[in-house]
There are 2 protein chains.
Amino acid sequence: MQPTDPTGPPLRVALLGCGTVGTQVARLLVEEADELTARVGRRLEVVGVAVRRLGRDRSATRLPDELFTTDADELVTRADVVVELIGGIEPARSLLLRAVEHGASVVTGNKALLADDGPTLFEAAEAHGVDLYFEAAVAAAIPLVRPLRESLAGDRVHRVLGIVNGTTNYVLDQMDVTGAGFAEAVEQAQELGYAEADPTADVDGFDAAAKAAILASLAFHTRVPASAVYREGISEVTAADIAAAREMDAVVKLLAICERVVDDDGTEGVSVRVHPAMIPRRHPLGGVREAFNAVFVEAQSAGGLMFYGRGAGGEPTASAVLGDVVAVARHRVLGGRGPGESAYADLPVLPMGRTRTRYHVSLDVADRPGVLAAVAQVFARHEVSIETVRQQLVPGPDGERSRAALVVVTHQASDAALSATVEALADLDVVEAVASVMRVEGE
Amino acid sequence: MQPTDPTGPPLRVALLGCGTVGTQVARLLVEEADELTARVGRRLEVVGVAVRRLGRDRSATRLPDELFTTDADELVTRADVVVELIGGIEPARSLLLRAVEHGASVVTGNKALLADDGPTLFEAAEAHGVDLYFEAAVAAAIPLVRPLRESLAGDRVHRVLGIVNGTTNYVLDQMDVTGAGFAEAVEQAQELGYAEADPTADVDGFDAAAKAAILASLAFHTRVPASAVYREGISEVTAADIAAAREMDAVVKLLAICERVVDDDGTEGVSVRVHPAMIPRRHPLGGVREAFNAVFVEAQSAGGLMFYGRGAGGEPTASAVLGDVVAVARHRVLGGRGPGESAYADLPVLPMGRTRTRYHVSLDVADRPGVLAAVAQVFARHEVSIETVRQQLVPGPDGERSRAALVVVTHQASDAALSATVEALADLDVVEAVASVMRVEGE
């Protein structure tokens, strides 16, 4: 090991962006300077913070005013470590590429950029022999990148199931606990600060899809752009869906699912998707409440592993960023590099229709003989095998005849076959309404 | 980055020990050879397996017979990576030191050795510029070493709470679920293979204490020998304790607890202990069932993080070992080293008596006025503050007078004060019996 010298020339750190996370990163770099020096073996010196506008009150960063600059292009040329917390595609991408070309190691929490154009960045970092770290981009402080890339490097990951968006988990948890409908639960989440005024990115699954793309890339060493991720949000989850889950001792969660699969024709590929699904309450993910995040990894030898914690917020995200800063700084002091991103597997991404899943379907049906046979025939015709059927008589209001409900849980089948089955069921005379359709995960 | 060449000379791997874990490691090195080559950038070649006796059937390793040897001393001199899975102190320690002196990087799953004499090994590895990795030594495949050493390197860990022994968790879970007593639950665990014929090392907390020592070293960068860990097993946990926990909506778990604390006199130190404790059912650790393990980490910025999975078994442990093999092999191929063990903090380990905890105490008391006052006085005299008191009348058998029970939950106090309080309570005339005493964690 090369000797470290805490009194040697400091490593120059540049911050790009000074919002919620950037402020916390700056503050911790100042307040924990001695601790960080001990861990890195050299002092970390903040040489500048690039912001869009000067003149705001930045005292929470504990940094002197003269360190703030609007010239990010210049700043990245005089740093050893560049921390990008601007978010979005541009100018973040250009600045990171420029930093890398000038020999800086980079740390980013930018999930949109990584999901959109990760390969360009990884290739640039590799070509210039510098580190690119991004633990903060998925689930904030929950360590996922190192466990997936390093701890499981001698194992085979089959599947990753993640609750990676706190807003939607809070909304679904509220619906489960209070029986509230979707709109009401979103309002509660907004009042408590768990949801944005415009919650689209969360509720429609865009945020989760970007994270799913990154998780799939990590788990399967395969490049998965966010645009290849099948995505359904939670806005159509009803109180009836939640009640149906409860009947099965399950809960509804918005899951990011990444699976390594072999298709019917023998093609090996990955399936990456985000959609609401039922998961048994006794499953470790079933107990993830409120706005917490968790990622459940199924590997050949390791079995099931779960990583749980706060998936958002200034301080948890800053913790992940600083962990990466220490890692890349240590590499510069001690020599050597961390494991680069390598996409040697490059499996194809399978379309959703070819993904195999299970469905839970609740039907309102006519209360007369032959209904079950008619329904079962539709499943059989689509080659979807039924695991359980439950028939219930729902008493009608006074004087009216009672209604019947059929609850069907299927075995695995292709999503296309399941979806065609549900369409055909809706067309059946004996089916009055398809009350709830929900994928089932976690077994 | 230095170019990797999968066709270059292979890295020589030596295995020491061929029991449950060693067999799985050998098998995976053979079966996953191509995958591992892709990840390391060079082929891994098993050059020998040291065993105590030749002639056994080792076909499960998929290795040819001629690779097995009883001469471990010689084997370690001709390997680039030595994997030690013998367990125990000697000859494991001497072999690892010899391997390091000959320039090999080493991977071990030996928690007893690391807890007993880790510093000697780490210093030797550092002096010879090689890696010493040990993810398998704590909680098998659950990634803890990298998250604690690297992901949280920019954060401050305050506390680690771990369920790190599957046998005791299975026993306590059975007691909770079936209402069984301790002896009966141990028998069930033995029948199902979750407990050894002689379960002492698990039941009395020795295994958990060794893991607590390693966790504390990782979390606080402080050397903690296993002998410094306060240890209580679960053999005195009664069905009454479990029922008392249930009343509080809590469960009893054997916890390994590592805390960074500031003592009354301003001394900063670490408290490391293993004992049964109540933890709320809603706490993430409260839902860890059967023989699963989980470690909950509380850090300044990250908040609470939990790592969950199978903490034992041949395959999960082999997964952790192989992850380390890939890491140290990559370092040899690409240059550079992983983060070494550095003990720069070196906080003192506080004795149990000075550790601050909370107690849950159930007392059988006389049913007459003044009892509560007498009991409260004992707490006050020992400067232990009471959080809640619940008084219950327990109807006696027909014709007999009813008994009264007092359930007291305290605020935090030193363990010595709490323990003196309980002793004094037992001496009170009005106290007929101390029915249950249990520490409370998780808040």
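Residues numbered from 1 in each chain as written. Chains lettered and ligands numbered in written order. Predicted model: local features only at pLDDT ≥ 70, side-chain atom pairs only at ≥ 80, totals over all residues.

Asks: Give a description of the overall build of chain A that names residues and reports values.
Replies: When helices and strands are counted, chain A shows 14 helices and 17 strands. Taken over the C-alpha atoms alone, chain A extends approximately 85 × 50 × 35 Å along its principal axes. Across the 443 residues in chain A, those meeting the buried criterion constitute 53%. Taking as baseline every contact in chain A between residues at least 6 positions apart, the subset at least 24 positions apart corresponds to 75%. (Helix = DSSP H or I, 4+ residues; strand = E, 2+ residues; numbered from the N terminus. Buried ≥ 20, exposed ≤ 12 C-beta atoms within 10 Å, placed from the backbone. Contact = placed C-beta atoms within 7 Å.)

Asks: For the relation of the copies chain A and chain B, give the residues involved together with the corresponding values.
Replies: Placing chain A over chain B gives an RMSD of 0.0 Å and needs a rotation angle of 180 degrees, together with 0.0 Å of translation along the axis. In the structure described here, the two chain copies are related by an operation that fits a two-fold rotation axis. (Least-squares fit on C-alpha atoms with pLDDT ≥ 70 in both.)

Asks: Would you mind going over the interface of chain A and chain B in detail, with residue names and values included?
Replies: Counting residues at the interface gives 51 residues for chain A and 51 residues for chain B. For the side of chain A that touches chain B, the secondary-structure elements that each account for two or more residues are α2 (33-40), α6 (145-151), β12 (303-310) and α12 (314-334) of chain A. Considering each element in turn, the side of chain A that touches chain B owes the most residues, 13 residues, to α12(A). Each residue belonging to the side of chain A that touches chain B can be placed in one class, and the counts come to 27 nonpolar, 14 polar and 10 charged. Bridge count for β12(A) against strand β12 (residues 303-310) of chain B is three bridges, and the pairing is antiparallel. Looking at β12(B), one finds that Met306(A) is bridged to Tyr308(B). (Nonpolar A, V, L, I, M, F, W, Y, C, P; charged D, E, K, R; others polar. Pairing = 2+ DSSP bridges.)

Asks: I'd like a rundown of the environment of Phe296(B), residues and numbers included.
Replies: When you line up the elements, Phe296(B) lands in strand β11 (residues 292-299). In the structure, Phe296(B) is positioned 32 residues away from Val328(B) in sequence and 27 Å away in space, judged by C-alpha atoms.

Asks: I'd like a description of the nonpolar core, backed by residues and values.
Replies: Counting residues in hydrophobic clusters, the biggest one holds 299 residues, and the most contacted among them are Leu15(A), Leu15(B) and Val83(B). Ignoring sequence-local partners within four residues, the contact set of Leu15(A) consists of Gly22(A), Val25(A), Ala26(A), Val46(A), Val49(A), Ala50(A), Val83(A) and Leu85(A). (Core = buried A, V, L, I, M, F, W, Y, C linked by C-beta atoms within 7 Å.)

Asks: Talk me through α12(A); I want residue IDs and the actual numbers.
Replies: All names here are of chain A. Between its first and last C-alpha, α12 extends 30 Å over 21 residues, near the 30 Å set by a 1.5 Å rise per residue. For α12, the buried fraction is high: 18 of the 21 residues fall into the buried class. Following α12 by one or two positions, Gly-335 has its phi on the positive side, about 85 degrees. (Expected span 1.5 Å × (residues − 1).)

Asks: Account for the confidence of the model for chain A, naming residues and giving values.
Replies: Caution is warranted with low-pLDDT regions, since their predicted coordinates should not be read in detail. Residue and element names in this part refer to chain A. Chain-level statistics for chain A give a pLDDT mean of 89 and a share of 93% at 70 or above. This stretch, residues 337-343, has a pLDDT under 50; its non-local contacts, to residues over four places away or in other chains, come to 19 contacts. Scoring the predicted complex yields pTM 0.87 and, for the interface, ipTM 0.85. (pLDDT = per-residue confidence, 0-100.)

Asks: How would you summarise the domain arrangement of chain A if you had to cite specific residues and measurements?
Replies: Residue and element names in this part refer to chain A. Partitioning chain A into domains gives domain 1 (11-141 + 315-334), domain 2 (148-309) and domain 3 (355-440). Here domain 1 and domain 2 have C-alpha centroids that lie 29 Å from each other. Contacts between domain 1 and domain 2 engage 11 residues on the former and 13 residues on the latter. Grouping the constituent residues of the side of domain 1 that touches domain 2 by class yields eight nonpolar, one polar and two charged. (Domains from an automatic or database assignment.)

Asks: Can you lay out unusual backbone geometry for me, pointing to particular residues and giving the numbers?
Replies: Residue and element names in this part refer to chain A. The omega torsion across Glu-90 and Pro-91 is 5 degrees, close enough to zero to call that bond cis. Positioned with a positive phi, Ala-140 is a non-glycine residue whose angle comes to about 45 degrees. Looking at the element boundaries, Ala-140 is found in the loop between β6 (132-133) and α6. Not every positive phi belongs to a glycine, and His-221 is a case in point at roughly 50 degrees. Residue classification places His-221 among the buried residues on the basis of 21 C-beta atoms within 10 Å.

Asks: So, the pairing of strand β17 (residues 431-440) of chain B: which residues are in play, and what are the values?
Replies: Along any regular strand, the residues point their side chains to alternate faces of the sheet. All names here are of chain B. Here strand β10 (residues 268-280) pairs with β17 via two bridges, running parallel. By the bridge assignment for β17, Ala-277 is matched with Arg-439. Two strands pair when backbone bridges link them, and strand β13 (residues 356-365) and β17 are joined in this way by eight bridges, in the antiparallel orientation. The partner of Asp-364 across the bridge, within β17, is Ala-433.

Asks: Residues and numbers for the sheet that holds strand β4 (residues 81-84) of chain A, please.
Replies: Residues and elements named next belong to chain A. Strand order across the open sheet formed by six strands is β3-β2-β1-β4-β5-β6, with parallel pairing between neighbours. Strands at the two margins of the open sheet, each flanked by one partner only, are β3 (68-69) and β6. Where β4 meets strand β5 (residues 105-108), four bridges bridge the pair, whose relative direction is parallel. By the bridge assignment for β5, Glu-84 is matched with Thr-108.

Asks: Help me get a handle on helix α1 (residues 20-31) of chain B, residues and values and all.
Replies: With 12 residues, α1(B) ought to run about 16 Å at 1.5 Å a step, and its terminal C-alpha atoms sit 17 Å apart, in line with that. Packing partners of the buried residues in α1(B) comprise β1 (11-16), α2 (33-40), β2 (44-50), β4 (81-84) and α12 (314-334) of chain B.

Asks: Tell me what's going on with the sheet that holds strand β6 (residues 132-133) of chain B, and back it up with residues and numbers.
Replies: Residue and element names in this part refer to chain B. Strand order across the open sheet formed by six strands is β3-β2-β1-β4-β5-β6, with parallel pairing between neighbours. Strands at the two margins of the open sheet, each flanked by one partner only, are β3 (68-69) and β6. Sheet topology note: the β1/β2 ladder contains six bridges and is parallel. In the sheet register, Val-13 faces β2, and the bridge partner there is Val-46.

Asks: Tell me what's going on with the packing of helix α13 (residues 371-381) of chain B against helix α14 (residues 415-427) of chain B, and back it up with residues and numbers.
Replies: Residue and element names in this part refer to chain B. Between α13 and α14, the least distance of the axes is 9 Å, while the angle of their chain directions is 150 degrees. In terms of their interaxial angle, α13 and α14 are classed as roughly antiparallel. Considering the relative orientation of α13 and α14, their crossing is right-handed. Residue-level inspection shows Val-375, Val-378 and Phe-379 of α13 in contact with α14, the latter providing Thr-421, Ala-424 and Leu-425. Its residues assigned to classes, the contact of α13 with α14 shows five nonpolar, one polar and no charged. (Axes fitted to C-alpha atoms, helices over the stretch in contact; angles between N-to-C directions. Parallel < 35°, antiparallel > 145°, perpendicular 65-115°, else oblique. Left-handed = near helix turned anticlockwise from the far one by under 90°.)

Asks: Residue-level account of the packing of helix α5 (residues 111-127) of chain A against helix α10 (residues 206-220) of chain A, with values.
Replies: Residue and element names in this part refer to chain A. Remark: α5 packs on α10, axes separated minimally by 9 Å, with the N-to-C direction vectors making an angle of 55 degrees. Relative to α10, the element α5 is oriented oblique. Handedness of the crossing formed by α5 with α10: left-handed. Contacts between α5 and α10 pair Lys-111, Ala-112, Leu-114, Ala-115 and Gly-118 from the former with Ala-210, Lys-211, Ala-213, Ile-214 and Ser-217 from the latter. Of the residues assigned to the contact of α5 with α10, the class counts are six nonpolar, two polar and two charged.

Asks: Could you give an account of the environment of His382(B), with specific residues and numbers?
Replies: All names here are of chain B. Examined against the element boundaries, His-382 turns out to sit in the loop between α13 and β14 (386-394). Here the alpha-carbon distance between His-382 and Leu-406, two residues 24 residues apart in the chain, equals 18 Å. The residues contacting His-382, other than those within four sequence positions of it, are Ala-417, Ala-420, Thr-421 and Ala-424.

Asks: I'd like to hear about the pairing of β5(A), residue by residue, with values.
Replies: Residue and element names in this part refer to chain A. Where burial is concerned, the two faces of β5 agree: the one with Ser-105 and Val-107 and the one with Val-106 and Thr-108 are both buried. Running through helix α4 (residues 92-101), the crossover from β4 to the neighbouring parallel element β5 is right-handed. One ladder, built from two bridges, connects β5 with β6; its direction is parallel. Bridging from a neighbouring strand, Val-106 pairs with Leu-132 of β6. Read from β5 through α5 to β6, the crossover connection turns out right-handed. (Right-handed = clockwise from strand over helix to strand, strands pointing away.)

Asks: Got a sec to walk through the environment of Glu441(B)? Specific residues and values, please.
Replies: Its location among the elements puts Glu441(B) in the segment after β17. If near-sequence neighbours (up to four positions away) are discounted, Glu441(B) is found in contact with Leu161(B), Leu255(B), Ile257(B), Ala277(B) and Ile279(B).

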